[in-house]
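# Survey of secondary and tertiary structure
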Amino acid sequence: MTHFDAATAAVEAALAAGARYADARVMHRRYESMSARNGEIEELTQDEDAGIGVRALVGSSWGFYAVPELTSSAARQAGARAAEIAAASATVPGPRIDLVATTPVADSWASDCQVDPLDVPLSDKGDLLVAATRTMREHGADHAEGLYQIWDTRKWFVSSEGHRIDQHIRECGGGISATAIGDGETQRRSYPSYRGQYGTRGWELVTELDLLAHAPRVAEEARALLTAPLCPSGTTTLILGGEQLALQIHESVGHAIELDRILGWEAAFAGTSWLDLAQLGSLRYGSELMNITIDPTIPGALGSFGYDDEGTPATRRDAVREGIWVGVLAGRDSAAVAGLDYAGSVRADGWARLPMVRMTNVGLEPGPHTLEEIIASTDEGVYMETNRSWSIDDKRLNFQFGCEIGWEVRDGKLGRMLRNPTYTGIGPVFWRSMDMLSSEIVPWGTPNCGKGQPGQVGHTGHPAAPARFRNVRVGVRA
């Protein structure tokens, strides 16, 4: 039977078993990664799996069941079991769950891919990592690492409302890092970020990163950091590089605006949210420069797709407009409970996981400045780049971040390199202090966003650019 046939059989079985709504996703995913250390290949991983996951809605409860077989009998069993699980859960009284309307479609969608990363010879990909790590060693790194990752995912989605959608999403990316060891001190520099850069593109993304060209600088900066002065402690003007600001958005905005967290449905691992739905449309989240969108339509960004895992088409929406909180990441059920008329942010980590609200591309719109203008207009402050550590409370409110490298800013110029730079703050206070934002937006990709129990790993995108924040506490108090 075809993949659509399997999904259709599962949905029909769920309805026959008492579900008032059901959907099924057949997924086939191939994964490949390679890492190198100090001029030698360290590990090669190649995985492939396929299966079908079925959701069924009975009363106020969802049921989910998944099997790694695509036969008619297995698909029907999965649909029936999903309905049985939902019915068992529905014995506990609760409000009826409705679903925000979406128009059923029959469609196909594929991410743009100029060079299929799985077609690139392993020898070519390995040679790149070996050369980059060897170069970093030659330029002062004690440990030099490089990696790439590739995901090739096909989905076939059918719902009881009439959806029939197939998608082909290819994602890849990579990066390098250098570690220097001194007397009681270890420092690391990474490129292009602490985990690399990723997107829904082909191998051309990795080629454009030009890892080998950046290897000498990365190693030399790691070595120089060993003897650089510590980041001073105090309250000052903070300038963040775009990659670090992407993580700031991810942690203090993206997770906070997930509607299941706001409703209290999701309280695992990273907790809930400080946001109150009663303030949607009125809460000042940040300064007027803060314009954040939820946009899975950005070509090549890691959180892009044609349709989410409920069949809702990718649509651009505002999350924060001129500093005011105006939108959330929602699913069809959570949106209905909250009285909203949109969804579109539900995805699952594979066929064996229940779809949940996840970040898509949550990021800033361009500002009116350049990084050079931001630095030139700063009399005194610190410029920080590349994430090293992060910590945020279970309501996504209070945070502390460490970066790999910093520079002193004095009289509009970059000065001394600073080691172990850190900054801390409270989300809305921090964002309200943003007074300059660059136009140099990069759609940074985060392939390791964790959420849920059982745990799921999500791929998210965060368009960001360098920005300046006033009166931020930096460094560690003695």
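Just so you know, these numbers come straight off a predicted model, no measurement behind them. (Residues numbered from 1 in each chain as written. Predicted model: local features only at pLDDT ≥ 70, side-chain atom pairs only at ≥ 80, totals over all residues. Heavy atoms only, no water.)

## As for the state of the cysteines
The full count for this structure, using the stated rule, is zero disulfides. The closest cysteine sulfur to the non-disulfide-bonded Cys172 is located on Cys113, 7.3 Å from its own sulfur. Classification of Cys172 by relative accessible area gives buried; the value is 0%. For the unlinked cysteine Cys231, the closest cysteine sulfur is that of Cys403, found at 9.2 Å. Overall, Cys231 belongs to the buried group, its relative accessible area being 9%. (Disulfide = S-S within 2.5 Å. Buried < 20%, exposed > 50% of the residue type's maximum accessible area, 1.4 Å probe, protein only.)

## Quick word on the environment of Phe401
Note that Phe401 resides in strand S17 (residues 398–410). Considered as a pair, Phe401 and Gly363 are 38 residues apart in the sequence and their alpha carbons are 18 Å apart. With residues near it in sequence (within four places) discarded, Phe401 still touches Gln244, Leu247, Gln248, Glu251, Asn387, Ser389, Trp390, Pro421, Thr422 and Tyr423. (Helix = DSSP H or I, 4+ residues; strand = E, 2+ residues; numbered from the N terminus. Contact = heavy atoms within 4.5 Å.)

## Focus: the nonpolar core
Grouped together as the largest cluster of nonpolar side chains are 54 residues, with contacts concentrated most on Ile257, Tyr285, Tyr423 and Trp431. Judged by nonpolar contacts, the second largest core, of 24 residues, contains Ala9, Val26, Ala75 and Val158. (Core = buried A, V, L, I, M, F, W, Y, C linked by side-chain atoms within 4.5 Å.)

## Some details on the packing of aromatic side chains
In total, this model carries 15 aromatic pairs according to the counting rule given. Between Trp151 and Tyr198 the ring centres are 5.9 Å apart and the planes differ by 65°, which places this aromatic pair in the edge-to-face class. Here Trp151, found in strand S5 (residues 143–159), pairs with Tyr198, found in strand S8 (residues 197–199); they are 47 residues apart in sequence, far enough to count as distant. Across this residue pair, the class does not change: Trp151 and Tyr198 are buried. Taking the centre distance of 4.1 Å and the plane angle of 15° together, the rings of Phe430 and Phe469 count as stacked. (Phe/Tyr/Trp six-rings, centres within 6.5 Å; stacked < 30°, edge-to-face > 60°.)

## Notes on the pairing of strand S9 (residues 234–240)
Buried residues dominate S9, accounting for six of its seven residues. Where S9 meets strand S23 (residues 467–474), six bridges bridge the pair, whose relative direction is antiparallel. Looking at S23, one finds that Thr236 is bridged to Val472. Bridge count between S9 and strand S16 (residues 380–392): four bridges; the pairing is parallel. Of the residues in S16, the one forming a bridge with Leu238 is Val382. (Pairing = 2+ DSSP bridges.)

## Focus on the sheet that holds strand S12 (residues 324–325)
Spatial strand order, S12-S11-S10-S15: four strands in an open sheet with antiparallel pairing. Either end of the sheet is taken by a strand with one partner, and the two such strands are S12 and strand S15 (362–364). Helix H6 (residues 242–254) contacts strand S10 (292–294) and S15 of the sheet and is inclined by roughly 125° relative to S15. (Axes fitted to C-alpha atoms, helices over the stretch in contact; angles between N-to-C directions.)

## Regarding the pairing of strand S22 (residues 456–464)
Side-chain positions along a regular strand alternate between the two faces of the sheet. Of all nine residues in S22, eight are buried, a share of seventy percent or more. Summarising the sheet, strand S21 (residues 442–451) and S22 pair through eight bridges and their orientation is antiparallel. Paired with Thr446 across the strands is Thr460, a residue of S22. In textbook terms, the turn of a hairpin is the stretch between consecutive antiparallel strands, and for S21 and S22 this stretch comprises four residues, one of which, Gly452, has a positive phi near 90°.

## A short note on the packing of helix H3 (residues 122–138) against helix H5 (residues 211–225)
Remark: H3 packs on H5, axes separated minimally by 8 Å, with the N-to-C direction vectors making an angle of 25°. Relative to H5, H3 is oriented roughly parallel. Considering only the axes of H3 and H5, their crossing is right-handed. Residues Leu128, Ala131, Ala132, Thr135 and Met136 of H3 pack against Leu211, Leu212, Ala215, Pro216, Val218 and Ala219 of H5. Taken together, the residues of the contact of H3 with H5 break down into 10 nonpolar, one polar and no charged. (Parallel < 35°, antiparallel > 145°, perpendicular 65-115°, else oblique. Left-handed = near helix turned anticlockwise from the far one by under 90°. Nonpolar A, V, L, I, M, F, W, Y, C, P; charged D, E, K, R; others polar.)

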